[in-house]
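# Per-entry structural report
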Amino acid sequence: MFAGTGSDVGKSIIAAAFCRIFRQDGYRPAPFKAQNMALNSFVTPDGLEIGRAQAVQAEAAGVACSSDMNPVLLKPQSDHTSQVVLNGKPVGNRDAYDYFRRDGREELRTAVCQAYDRLSACFNPIVLEGAGSISELNLRDSDIVNMPMAKHADADVILVGDIDRGGVFASVYGSIALQRPEDRRRIKGILINKFRGDIRLFEPGIKILEDICGVPVVGIVPHFNDIHIEEEDSVSLARKSMQRQQGKVNVAVILLRHLSNFTDFDVLEHDPRIHLFYTNNVDDIAHADIIILPGSKSTIDDLYELRRNGVANAVCQARRKGASVLGICGGYQMMGREVLDPHHVEGSLERMPGLGLLPVKTTMTAEKVTRRTNFEGKAYDGRGSVMQGYEIHMGETAALEDGLQRLNVLEDGKEEGFVIDDKCMGTYLHGILDNPAFVDFLLRPFADKINEAHADFDYAAFKEEQYDKLADHVRRHVNMDLIYRILQ
């Protein structure tokens, strides 16, 4: 288990690295995180929902993802409530206080332990990931993801500390010192992550940490900027450059408060023809070539905010001046004339006017659609290319005008999405941008802005290369002989 001194110390990336390392070394690893909190989710081959981080780790391990890899997923809806997804299916919304009370926790604990047991019967080793800090004493009795999970799995624990944020000696020592004696004995190594500068300067710190903690330091992993792994959290999106670039198509993703599945756009970030940025600034929107309305966990609330802060009007004005607008999932729903919520699936508002860019309306439904599918581009791909995507949404979208052109044909023959022209369209399909045929269609109206011809961008090959680079980076800076001795 890779446990952390706190949130965002890099546990997910380190776990992904070891999934790839163990695969390279001839084992059959699989990732596991008992409970994850994220809006960035993924659909398994059998149509169940898990956190995107575990899907990335499974990809690094070279295995298909399953709901057993992340049996509990919490999808925040507000500061106090989350949708609870258990074994891949939503089971209702819970207030944070009620969720973390002891009542009902044993049922969840049983579910996550059963998921782990099923997974460990098929794979070896299991690379577990903890959540947040392992020393949240107020939540210790209700914890199902950190040291209690390590106890059930009989897992050795590597404690990950983030030196970049400062205070690494106190956070590592304190995290270990606050454990119960039986849990403290499970911590077999310390991994210092996100180091900047000359590692030789920290060499005295290794001995200090080992002396005060009584636990060996298994490695010091430097911070990196040249390895690109899909991120779990959206906190860094607003820092991506908003400066327009010549010779590229400038693509603006609207920065929603409840933005979900932002990894839909990773492929665009690495496409040499594109400059991608995230924004809710109306001036940035006015100068974008393509505007993307992304997925949202709370469509009506985000739509209300876009109308209030002027972004909705800016998107419509940009469309009238020649910009392309693409809506994905919740963003697709926002592009219609109205969003209806008669059963209060999202909240108390029963109706919200949309942007009016598509002559459609959406009605929210209590049942969530989660499935992976192959599809063909009805409106844009005459070659019959088979593409892949997945759906995670609540709501049904219907045309308000006859003869409105559909965007895609799914493998079961059903049609989905709508398109007005090659500059205005919406779809429920996450992952549609991973398909070169659709990206080429999206960029076609702006071919004159691209300086030179580029070879087709193979995103799948790019990701495989990044996992290998990550594994090499971690191998260079971690004592793998010691790791294997600990495991044996």
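Below: a short report on this structure. This structure is a prediction, so every number in the text was calculated from the model and none was measured.

Thresholds applied
- Residues numbered from 1 in each chain as written.
- Predicted model: local features only at pLDDT ≥ 70, side-chain atom pairs only at ≥ 80, totals over all residues.
- Heavy atoms only, no water.
- Helix = DSSP H or I, 4+ residues; strand = E, 2+ residues; numbered from the N terminus.
- Buried < 20%, exposed > 50% of the residue type's maximum accessible area, 1.4 Å probe, protein only.
- Contact = heavy atoms within 4.5 Å.
- Areas by Shrake-Rupley, 256 points an atom, 1.4 Å probe, with all protein chains shown as cover.
- Lys, Arg positive; Asp, Glu negative; His and termini not counted.
- Charge placed at Lys NZ, Arg CZ, Asp CG, Glu CD.
- Axes fitted to C-alpha atoms, helices over the stretch in contact; angles between N-to-C directions.
- Parallel < 35°, antiparallel > 145°, perpendicular 65-115°, else oblique.
- Left-handed = near helix turned anticlockwise from the far one by under 90°.
- Nonpolar A, V, L, I, M, F, W, Y, C, P; charged D, E, K, R; others polar.
- Pairing = 2+ DSSP bridges.
- Core = buried A, V, L, I, M, F, W, Y, C linked by side-chain atoms within 4.5 Å.
- 1 Å grid on protein atoms, 1.4 Å probe; cavity = no way out; pocket = protein on both sides within 12 Å on 5 of 7 lines; lining within 4 Å.
- Points joined across faces, edges and corners; volume = space filled by probe spheres on them.
- Expected span 1.5 Å × (residues − 1).
- Patch = residues over 30% accessible without salt bridge, like charges linked within 9 Å, V, L, I, M, F, W, Y side chains within 5 Å.
- Salt bridge = Lys/Arg side-chain N within 4 Å of Asp/Glu carboxyl O.

### Overview of the overall build of the protein
When helices and strands are tallied, the protein shows 16 helices and 25 strands. For the protein, the proportion of its 488 residues judged to be buried stands at 57%. For the protein, restricting intrachain contacts to residue pairs at least 6 apart in sequence, the fraction spanning at least 24 positions comes to 74%. Total accessible area on the protein stands at roughly 20,800 Å², and carbon and sulfur atoms take up 47% of it. The protein carries 56 positive and 70 negative side-chain charges, and their two centres are separated by 2 Å.

### What to know about the packing of helix α1 (residues 11–24) against helix α2 (residues 52–61)
Running from N to C, α1 and α2 cross one another at 20°; their axes reach a closest spacing of 7 Å. The pairing of α1 with α2 is recorded here as roughly parallel in orientation. Pair α1 / α2 crosses with right-handed handedness. Taken together, the residues of α2 that come into contact with α1 (itself represented by Ser12, Ala15, Ala16, Cys19, Arg20 and Arg23) are Ala53, Gln57, Glu59, Ala60 and Ala61. When grouped by side-chain class, the residues that make up the contact of α1 with α2 number six nonpolar, two polar and three charged.

### A look at the sheet that holds strand β10 (residues 157–162)
Whether parallel or antiparallel, the strands of a sheet pair through hydrogen bonds between backbone atoms. Taken together, four strands build an open sheet; the order of strands is β1-β10-β11-β12 and the sheet is parallel. With partners counted over all chains shown, the strands left at the sheet margins are β1 (2–4) and β12 (217–222), one partner each. On average, adjacent strands in this sheet sit at an angle of 25° to one another, irrespective of strand direction.

### Here we look at the nonpolar core
Phe18, Phe32, Leu128, Val172, Ile190 and Ile192 are the most contacted members of the largest nonpolar core, which totals 86 residues. When residues of this core are assigned to their parent elements, the largest contribution, eight residues, is made by α1. With residues up to four places along the chain from it excluded, the contact list for valine 172 reads Thr5, Leu159, Gly161, Ile190, Ile192, Leu209 and Cys213. Judged by nonpolar contacts, the second largest core, of 72 residues, contains Leu355, Leu404, Leu407 and Leu443.

### A short note on unusual backbone geometry
Going from asparagine 124 to proline 125, the amide bond is cis rather than trans, its omega being 0°. With respect to the helices and strands, the residue proline 125 is situated in the loop between α4 (105–120) and β9 (126–128). Positioned with a positive phi, lysine 194 is a non-glycine residue whose angle comes to about 65°. Relative to the assigned elements, lysine 194 resides in strand β11 (residues 187–195).

### Topic: the layout of surface pockets
Space inside the second largest pocket adds up to approximately 670 Å³. Lining the second largest pocket we find 27 residues, and of these Phe42, Glu59, Arg372, Gln388 and Asp434 sit closest to its centre. At the level of secondary structure, the elements contributing two or more residues to the lining of the second largest pocket comprise α2, β21 (360–377), β22 (387–399) and α15 (459–477). Looking at the lining of the second largest pocket, the element that brings in the most residues is α2, giving five residues. When grouped by side-chain class, the residues that make up the lining of the second largest pocket number 14 nonpolar, six polar and seven charged.

### Focus on empty space enclosed by the protein
Inspection of every chain in the model, using the stated rule, returns two cavities of 30 Å³ or more. Here the largest cavity is characterised by a volume of approximately 90 Å³. Forming the walls of the largest cavity are 12 residues, and the residues nearest its centre are Asp271, Arg273, Pro436, Val439 and Phe457. At three residues, the largest contribution of residues to the lining of the largest cavity is made by helix α14 (residues 436–443).

### Examining α4
Compared with an ideal rise of 1.5 Å per residue, which puts 16 residues at 22 Å, α4 spans 22 Å between its outermost C-alpha atoms and is within 8% of the ideal. Within the sequence span of α4, burial applies to Arg105, Leu108, Arg109, Ala111, Val112, Cys113, Ala115, Tyr116 and Leu119.

### Let's talk about a nonpolar patch on the surface
On the surface, a cluster of nonpolar side chains totalling about 350 Å² of accessible area is made up of Phe169, Tyr173, Ile208 and Ile212. Going through the elements one at a time, α6 (168–177) and α8 (203–213) are the ones with two or more residues in the nonpolar patch. Along the chain, the position of tyrosine 173 falls in helix α6.

### Description of the sheet that holds strand β6 (residues 72–76)
Reading across the sheet, the four strands line up as β3-β6-β7-β8 and stay open at both edges, with mixed pairing between neighbours. If you trace the sheet from one side to the other, it starts and ends with β3 (35–37) and β8 (89–95), each paired once. Each strand axis lies, on average, 25° off the axis of its neighbour in the sheet, ignoring direction. Summarising the sheet, β3 and β6 pair through three bridges and their orientation is parallel. Bridging across to β6, asparagine 36 finds its partner in leucine 73.

### With respect to the pattern of salt bridges
The final tally for this structure, using the stated rule, is 31 salt bridges. Between arginine 200 and aspartate 198 there is a salt bridge; the shortest N-O distance is 2.7 Å. Note that aspartate 412 is salt-bridged to arginine 371, the shortest N-O span being 3.2 Å. With aspartate 412 in the loop between β23 (405–410) and β24 (415–421) and arginine 371 in strand β21, the pair connects residues that are 41 residues apart, well separated along the chain. Aspartate 412 gets classed as partly exposed once you look at its relative accessible area, which sits at 41%. Beyond isolated ion pairs, a larger network of salt bridges with shared partners links Arg20, Arg23, Glu464 and Asp468.

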